[in-house]
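Residues per chain are reported as follows:
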Amino acid sequence: MTAAEEKELQLFAVKVREGILRSTHAAKSGHPGGSLSSTEYFTYLYNKEIRVDPKNPNDPIRDRFVLSKGHVAPGLYATLANRGFFPVEELLTLRHIGSRLQGHPNMNLTPGVDMSTGSLGQGISTAAGMAKGAKYLGKDINVYTLLGDGELAEGQVWEALMFSAHYKLDNLCIAVDVNGLQIDGATADVMNTAPIDAKFEAFGCAVIWIDGHDYNALEEAFKAFHANKGTGKPTAILMKTVKGKDISFMENNAGWHGKAPNDDELARGLEELAAIRKQIEEA
């Protein structure tokens, strides 16, 4: 990745984070913490990796993405809007009556959303089914899904992994946002699922640990996914991240799992993002 390409991704991520803050503020509810920790993943996925066309979001041979941790819809929506799937201004309708942008993704309403999600554990099962369908039909379609580390406490996740390994779904790329926090506190305290890597390996996945905020690391992880084709193993990218990333008062704070910023917090957050943008532009 060139320095110019990385800079472009960094600036895109600032816009995504602005969208997360503005949309949850407008809704007076939502989940900013995990959306912010997933921002680099969303940014890289939709700018460099996944084969989708905002002008033809229902292309039958497109790659698929399933947001298994559906509550971080603000991050996905901000990404889709900035990629041209719908107007950025529409982000301010988040969770409003009649809006296409509901609190959890709805495939029947929102351009670019491939699956309705929200109940944790079900998204990866759907993604595995999509990957199996693509294999059955002989289609060159990759399926990507994003889980939270708190979500790993759901038994259905591990059933889906057994299915994926059994049916040799090496077209399935599973990412886990390992920010260490969930709504009730630290994942290690609520339900410790460590060691995550050993569990994914035991369930038949090729496992990669990365810094989830590092674009070069994300690039190498996705290269490994493509190199893994033919092995019959699903790929699991375990991303160490910071909940509330780049918003100082939200970082590593479980209280921001599902709480919207008020007027003052929005202004403060946008000011911090403006400073980050300036620093990127001047670098």
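Provided above is the structure to which this section pertains.
Each value, and the rule that gives it
Residues numbered from 1 in each chain as written. Predicted model: local features only at pLDDT ≥ 70, side-chain atom pairs only at ≥ 80, totals over all residues. Heavy atoms only, no water. Helix = DSSP H or I, 4+ residues; strand = E, 2+ residues; numbered from the N terminus. Rg over C-alpha atoms; globule rule 2.2 N^0.38 Å. Buried < 20%, exposed > 50% of the residue type's maximum accessible area, 1.4 Å probe, protein only. Lys, Arg positive; Asp, Glu negative; His and termini not counted. Charge placed at Lys NZ, Arg CZ, Asp CG, Glu CD. Disulfide = S-S within 2.5 Å. Pairing = 2+ DSSP bridges. Right-handed = clockwise from strand over helix to strand, strands pointing away. Core = buried A, V, L, I, M, F, W, Y, C linked by side-chain atoms within 4.5 Å. Contact = heavy atoms within 4.5 Å. Axes fitted to C-alpha atoms, helices over the stretch in contact; angles between N-to-C directions. Salt bridge = Lys/Arg side-chain N within 4 Å of Asp/Glu carboxyl O. Phe/Tyr/Trp six-rings, centres within 6.5 Å; stacked < 30°, edge-to-face > 60°. Lys NZ or Arg CZ within 6 Å of the ring centre and 35° of its normal.

S.K.: Describe the overall build of the protein chain, with residues and values.
M.R.: For the protein chain, the helix and strand inventory stands at 10 helices and seven strands. Compactness check: the protein chain gives a C-alpha radius of gyration of 18 Å against a globular reference of 19 Å for 283 residues, within 12% of the reference. With respect to the three principal axes, the spread of C-alpha positions in the protein chain is 50 × 45 × 40 Å. Every one of the 283 residues in the protein chain was classed for burial, and the buried ones make up 53%. Placing the 29 positive and 36 negative side-chain charges of the protein chain at their respective mean positions leaves the two points 5 Å apart.

S.K.: I'd like to hear about the state of the cysteines, residue by residue, with values.
M.R.: Going through the model one piece at a time under the given rule, you end up with zero disulfides. The closest cysteine sulfur to the non-disulfide-bonded Cys173 is located on Cys205, 10 Å from its own sulfur.

S.K.: Help me get a handle on the pairing of strand β6 (residues 206-211), residues and values and all.
M.R.: In this structure, β6 lies alongside strand β7 (residues 235-240), joined through six bridges in parallel fashion. If you follow Trp209 over to β7, its bridge partner there is Leu238. With helix α9 (residues 215-227) bridging β6 and the parallel β7, this β-α-β connection has right-handed handedness.

S.K.: Any details on the nonpolar core? Residues and values, ideally.
M.R.: Soluble globular proteins: nonpolar side chains tend toward being buried together. Within the largest apolar cluster, 53 residues are counted, with the highest numbers of intra-cluster contacts made by Tyr41, Phe65, Tyr144 and Phe222. In contact with Phe222, not counting residues within four places along its chain, are Tyr41, Tyr44, Leu45, Glu49, Tyr144, Cys173 and Ile237. Counting residues in each nonpolar core, the second largest holds 22 residues, with Ala128, Ala160, Ile196 and Leu238 among its members.

S.K.: Describe in detail the sheet that holds strand β3 (residues 172-178), supporting the description with residues and values.
M.R.: On the basis of which strands lie adjacent, the open sheet formed by five strands has the order β1-β2-β3-β7-β6 and parallel pairing. Because the sheet does not close on itself, it has two edges, and the strands there are β1 (64-67) and β6. Ignoring strand direction, the axes of neighbouring strands in this sheet form an average angle of 20°. Alignment of strand β2 (residues 143-148) against β3, held across six bridges, turns out to be parallel. Following the sheet pairing, Val143 is matched in β3 by Leu172. Taken strand by strand, helix α3 (residues 39-49) contacts β1, β2, β3 and β7, and its axis lies near 175° from that of β2. In the packing of α9 onto the sheet, the strands contacted are β2, β3, β6 and β7, and the crossing angle to β6 comes to about 170°.

S.K.: Give me the lowdown on the pattern of salt bridges, citing residues and values where you can.
M.R.: Scanning the entire structure with this criterion turns up 13 salt bridges. Linking Arg17 and Glu40 is a salt bridge whose minimum nitrogen-to-oxygen distance equals 2.9 Å. In this pair, Arg17 sits in helix α1 (residues 3-27) while Glu40 sits in helix α3, placing the two residues 23 residues apart along the sequence. With a relative accessible area of 5%, Glu40 lands in the buried category. Between Glu18 and Arg277 there is a salt bridge, with its nearest N and O atoms 2.8 Å apart. Taken together, the positions of Glu18 in helix α1 and Arg277 in helix α10 (residues 263-282) put the pair 259 residues apart, joining distant regions of the chain. Judged by its relative accessible area of 15%, Glu18 falls in the buried class. Each member of the salt-bridge network shares a partner with another, and the members are Arg17, Glu40, Lys245 and Asp246.

S.K.: Describe the packing of aromatic side chains, listing the residues and the values that go with them.
M.R.: Summed over all chains, the structure comprises 13 aromatic pairs. Residues Tyr46 and Phe85 carry aromatic rings whose centres are separated by 6.4 Å and whose planes lie at 90° to one another, so their mutual orientation is edge-to-face. Note that Tyr46 is positioned in helix α3 and Phe85 in the loop between α4 (73-82) and α5 (122-137), a separation of 39 residues in sequence. Residues Phe249 and Trp256 carry aromatic rings whose centres are separated by 5.7 Å and whose planes lie at 65° to one another, so their mutual orientation is edge-to-face. Neither residue differs from the other here; Phe249 and Trp256 are each classed as buried. Members of the aromatic cluster, joined through ring pairs, are Tyr41, Phe42, Tyr44, Tyr46, Phe65, Phe85, Tyr144, Phe222 and Phe225. Over the aromatic face of Trp256 sits the side chain of Lys259, whose NZ or CZ is 4.2 Å from the ring centroid.

In short, geometric facts, not functional conclusions.
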